[in-house]
Amino acid sequence: MKSLLAALFAILFLSGGTACVGQHEELAEKLLRLRADSKWNLITSIPLKFDAHHTQGLVKVDSFFYMTAVEVTEWPKKYEKPEGKFDRDVGKGAGHVFKFDIKGNLISDILVGAGDVYHPGGIDYDGKYIWIPVTEYRPNSFSIIYRLDPRTMQVTEVTRYPESLGAIIHNTDKNTLVAANWGARKFYTWKLAKSGHVKKDIGAPDRSGVENPSFYIAFQDCKYLGNNLMLGSGHESVKIDSLTFRFGGWEIFDLNDFRPRRQIPIKLWSPTGASMLNNPCAVESIKDGIRAYFVPDDDEKATLFVYDVEVGALR
């Protein structure tokens, strides 16, 4: 019975739409109508048939998924006391971009990053390219921004910046890149030239960043929604004595003033106890609502969870 349901979902999935530019306005309108009591329905869960390492960002392009992940071979070690602006060493690892199908089969695996810059983050697809930030595995460090052509899997370096960038979107209305730093406490914006490269340096991080006024969640993955709106997806944790409570949510941000337009708690957890918003998230508009894709767990436990959420009328 389970295999039959999976097969039926694959047929419906392959005949459905793609989360890209043409659906931006429709998707944004539906997201702005979500409430804390919106009903989420689990459609299917698909174990990934490869070592996904530490999952990071996710987009769906046609019938395939593209997911960033960091493979850590030596975890960064905390210093006894800060050394300059750093609280830890760089560790060792490799950044991956996985392409896989709806059955969890790995189609392609390419490496991104250079040297100590091996931690890819949240990603965005603009209808042509997938935009990817890769940083050192520590805050206040250094990042490289890439764009990936999903048709050819060719990666092109766009720019480098002396800050830890954890997620990025392409604002196609203003032709700018907007990136969030470690913990999404600041946002940075670059104007793109027609060539797809950054027009000019935006300056040092301490002078050019715009503060995030919201402390609801730490963004892990972001998506551009059109009309200068951005979806921030992430999670937060609260410690009470020896207990830690983890929760996730979405925020729709207005890129004109970098303030949230709507905050939506998402009360979903994986069987491991991780919030569904732990890291990668992709979202698209469907006929009767919104479909979301989550990969909250790492390594051999990595599973693609597919949820539909009903969209109610505005109150």
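Residues numbered from 1 in each chain as written. Predicted model: local features only at pLDDT ≥ 70, side-chain atom pairs only at ≥ 80, totals over all residues. Heavy atoms only, no water.

*Asks:* Just to check I follow, could you spell out the overall build of the protein for this structure?
*Replies:* Along its length, the protein carries three helices and 23 strands. Over its C-alpha atoms the protein spans a radius of gyration of 19 Å, differing by no more than 12% from the 20 Å that the globule rule assigns to 315 residues. Sorting the 315 residues of the protein into buried and exposed places 54% on the buried side. Taking all contacts inside the protein whose residues are at least 6 apart in sequence as the whole, residues at least 24 apart take part in 56%. If you sum the accessible surface of the protein, you get close to 14,500 Å²; carbon and sulfur atoms cover 52% of it. Here the protein carries 39 positive and 39 negative side-chain charges, and the mean point of each set is 3 Å from the other. (Helix = DSSP H or I, 4+ residues; strand = E, 2+ residues; numbered from the N terminus. Rg over C-alpha atoms; globule rule 2.2 N^0.38 Å. Buried < 20%, exposed > 50% of the residue type's maximum accessible area, 1.4 Å probe, protein only. Contact = heavy atoms within 4.5 Å. Areas by Shrake-Rupley, 256 points an atom, 1.4 Å probe, with all protein chains shown as cover. Lys, Arg positive; Asp, Glu negative; His and termini not counted. Charge placed at Lys NZ, Arg CZ, Asp CG, Glu CD.)

*Asks:* In this structure, what is going on with the pattern of salt bridges? I would like to understand it.
*Replies:* Side-chain pairs of opposite charge can arise where the charged atoms are in close proximity. Counted by the stated rule, this structure contains twelve salt bridges. Close ionic contact of K77 with E74 constitutes a salt bridge, the shortest N to O distance being 3.8 Å. For K223, the salt bridge identified is with D221, shortest N-O distance 2.9 Å. Each member of the pair, K223 as well as D221, is classed as buried. (Salt bridge = Lys/Arg side-chain N within 4 Å of Asp/Glu carboxyl O.)

*Asks:* What should I look at first to understand the sheet that holds strand β23 (residues 303-310) in this one?
*Replies:* Sheet strands line up and pair through hydrogen bonds in the backbone, either parallel or antiparallel. A sheet is described by the order of its strands in space; here four strands give the open sequence β1-β23-β22-β21, paired in antiparallel fashion. A single partner strand is all that each edge strand has here, and the edge strands are β1 (40-47) and β21 (281-286). Between one strand axis and the next, the sheet turns by 20° as a mean value, whatever way the strands run. Pairing analysis gives six bridges linking β21 to strand β22 (residues 289-294), with the strands arranged antiparallel. If you follow A282 over to β22, its bridge partner there is Y293. (Pairing = 2+ DSSP bridges. Axes fitted to C-alpha atoms, helices over the stretch in contact; angles between N-to-C directions.)

*Asks:* Would you explain unusual backbone geometry in this entry?
*Replies:* Both trends apply: most residues other than glycine have a negative phi, and most peptide bonds are in trans. Phi at N227 takes a positive value of approximately 55°, unusual for a residue other than glycine. Locating N227 in the fold gives a position in the loop between β17 (218-226) and β18 (229-240). One non-glycine residue, N228, lies in the positive phi region at around 60°. Structurally, the position occupied by N228 is in the loop between β17 and β18. Its relative accessible area of 14% is what places N228 among the buried residues.

*Asks:* Just to check I follow, could you spell out the packing of aromatic side chains for this structure?
*Replies:* Following the criterion strictly, the structure yields 21 aromatic pairs and no others. Relative to Y307, the ring of W40 has its centre 6.4 Å away and its plane inclined at 75°; by these criteria the two rings are edge-to-face. Of this pair, W40 sits in strand β1 while Y307 is found in strand β23, placing the two residues 267 residues apart along the sequence. Assigned by exposure class, W40 and Y307 land together as buried. With centroids separated by 5.5 Å and ring planes inclined at 90°, the aromatic side chains of F219 and F253 adopt a geometry described as edge-to-face. (Phe/Tyr/Trp six-rings, centres within 6.5 Å; stacked < 30°, edge-to-face > 60°.)

*Asks:* Help me out: how do you make sense of the nonpolar core in this one?
*Replies:* In summary, soluble globular proteins display a tendency toward joint burial of nonpolar side chains. Membership of the largest hydrophobic core comes to 24 residues, with the highest contact counts inside it found for L31, L34, W40, L225, W250, I290 and F294. Contributing elements (two or more residues each) for this core: α2 (24-31), β18, β19 (243-254), β20 (259-266), β21, β22 and β23. Beyond its immediate chain neighbours, meaning those up to four positions away, I290 contacts L27, K30, L31, L34, V283, E284, Y307, D308, V309 and V311. In terms of nonpolar packing, the next biggest core, distinct from the first, is built from 17 residues, L58, A282, Y293 and V295 among them. (Core = buried A, V, L, I, M, F, W, Y, C linked by side-chain atoms within 4.5 Å.)

*Asks:* Got a minute to help me understand the environment of W40 in this structure?
*Replies:* Judged by its relative accessible area of 16%, W40 is buried. Along the backbone, W40 and K194 are 154 residues apart, and their C-alpha atoms lie at a distance of 41 Å.

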